[in-house]
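Now for the letters of each chain:
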Amino acid sequence: MSVPRPAAVIVLAAGEGTRMKSSKPKVLHELCGRALVDHMLAAARGLDPERLIVVIGHAREQVQAHLDTTGSDALAVVQREQKGTGHAVRTVLESVGAVNGTVLVTYGDTPLLRTETLAELLATHAAEGNAVTVLTAEVPDPTGYGRIIRDTTGAVLEIVEDKDASPEQKAIKEMNSGVYAFDGLLLADGVKRVGSSNAQGEEYLTDVLSILREDGHRVGAYVAADHVEVEGVNDRVQLAFARRVLNTRVLEGHMRAGVTIIDPASTWIDVGVAIERDVVVHPGTQLHGRTSIATGAEVGPATTLTDTAVGAGAVVRNAVCEGAEIGAEATVGPYTYLRPGTRLGRKAKAGSYVEMKNAEVGDGSKVPHLTYVGDATIGVGTNIGAATIFVNYDGVNKHHTTIGDHVRVGSDSMLVAPVTVGDGAYTAAGSVITNDVPPGAIAVARARQRNVEGWVERRRAGTASAEAARRAAASQDGGSSHPEDLPETADQAGQAARSGERTPGSGK
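The structure contained in this document is the topic of the report that follows. Values in this document were obtained by computation on a predicted structure and should not be read as measured data.

**As for the overall build of the protein**
Inference 1: The helix and strand tally for the protein stands at 11 helices and 37 strands.
Inference 2: Rg of the C-alpha trace for the protein: 35 Å, well past the compact-globule value of 23 Å for 508 residues, more than 25% over.
Inference 3: Across its three principal axes, the protein shows a C-alpha extent of roughly 115 × 50 × 40 Å.
Inference 4: Looking at the protein as a whole, 45% of its 508 residues qualify as buried.
Inference 5: Within the protein, contacts between residues at least 6 apart in sequence are counted, and of these 41% link residues at least 24 apart.
Inference 6: Element-wise, carbon and sulfur atoms account for 48% of the exposed surface of the protein, whose accessible area totals about 23800 Å².
Inference 7: Considering the protein, the positive charge centre built from 50 side chains and the negative charge centre built from 62 side chains are found 6 Å apart.

**Things to note about helix α6 (residues 184-191)**
Inference 1: Along α6, the positions that sit buried rather than exposed are Gly184, Leu187, Ala188, Gly190 and Val191.
Inference 2: If you follow the buried residues of α6, they end up packed against α3 (85-96), β6 (102-107), β10 (174-183) and α7 (206-214).
Inference 3: The opening residue of α6 is Asp183, an N-cap whose side-chain oxygen sits 3.2 Å from the backbone nitrogen of Leu185.

**Quick word on a nonpolar patch on the surface**
Inference 1: A surface patch of nonpolar side chains, about 370 Å² in accessible area, is lined by Tyr335, Tyr353 and Leu370.
Inference 2: Mapping Tyr335 onto the fold places it in the loop between β24 (331-332) and β25 (336-338).
Inference 3: Look at Tyr335 and you get partly exposed, because its relative accessible area is 48%.

Reading the values: rules and limits
Residues numbered from 1 in each chain as written. Predicted model: local features only at pLDDT ≥ 70, side-chain atom pairs only at ≥ 80, totals over all residues. Heavy atoms only, no water. Helix = DSSP H or I, 4+ residues; strand = E, 2+ residues; numbered from the N terminus. Rg over C-alpha atoms; globule rule 2.2 N^0.38 Å. Buried < 20%, exposed > 50% of the residue type's maximum accessible area, 1.4 Å probe, protein only. Contact = heavy atoms within 4.5 Å. Areas by Shrake-Rupley, 256 points an atom, 1.4 Å probe, with all protein chains shown as cover. Lys, Arg positive; Asp, Glu negative; His and termini not counted. Charge placed at Lys NZ, Arg CZ, Asp CG, Glu CD. Polar contact = N/O pair within 3.5 Å; in protein donor to acceptor, adjacent residues only side chain to side chain. Patch = residues over 30% accessible without salt bridge, like charges linked within 9 Å, V, L, I, M, F, W, Y side chains within 5 Å. Salt bridge = Lys/Arg side-chain N within 4 Å of Asp/Glu carboxyl O.

The values reported here are purely geometric and, on their own, carry no functional implication.
Now the structure itself:
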């Protein structure tokens, strides 16, 4: 069955959505990486319509700003007063004029509706030569929905609202989704004739069906294969349900394409995520935004990646990464935080309790544990010792640190930016590096150690430490220390050590 290109798709997204109980417009609530309205726009784009139109009304400034931010190609038409679905469509046609061809009308709160289902609706519409074709679904419990009443030929006679249905009609399980394919010119004529003499004082698009049928035109219907597709989102419960359904659909797509997902029940993947074959996704993983994972990589468990690229064969465990690039065969984690601007080279490592921001780590370089790297460039083959801090912020400005190739930064070093450590250089453990280190040099920037012997027995007499020290001293020289020769206070001991003078009892 051929699918004609629609002349226009109109997405109705002007409602307030009061049941969401939110200051955010209903159509901007997100699931699986897109706002509700964006899911519907994506499905509509799959039909390659000549025109894509979205009707906005409630909180239109927010909705328009969202469309602008996402670069939407849809024309936004403002329905300044929300007077029903018929009024919304009439507003569009008054703005753009009558459309010659098929016009598809759908909604911004139906994120599960697939392009394939809309295409089947259009194909049925064209094949049967209908003036309008209704997308319907058979639901287990149709309570609250309008029932589809057909004649013996299968054409739609009318749509009866639940409150007006007879017992026989209530038994019908085929319901109206509110999605329609119209002959554009007939729609333009019919929508002008819709009245508002109802309890709500609104113009309903369903009335156009009656008008066209009374004019002698055929009204048909296409039954969706899965009734879940046509369910709208009106509150947070339905939003959560739609999120779970859509996530399952996304996961199944990846698994059928060659991705191993160990526990789908605890894995969440946005629709915009790209995953290549032979990737393994472990439990508790969330992949968001424009994240991409190359073949053979392993991600998780307990990992959240947002807008992050993971190279082939890389391993990322127990990590949070945002806007990062992880090179092929690199390793990240456990308990690692990669912030925006972080780039790890091939076989690089960001280990446990490491945080990086705006940092480039060269091929084969390692930052194994307990380290902060901010605003830095690290060359190839370099090792950063444990508990190293890249001191990048002076309270006003951020500064950059450059570490060369094959450098060894000692544990507990402080690198105070801006500073450069040349190729092949070393820094001694515990150093505070404030000046550039030439290639091949070792930088030692720490106070000389002074030991004040016997201080504990003198100043902490009676403690377990003092008793342990006494026993150790006795075992070493068969005697005891002489507390009377020790400094009277800790301050005196420190002062003696700093002065470089021989401290009584120091053994120097």
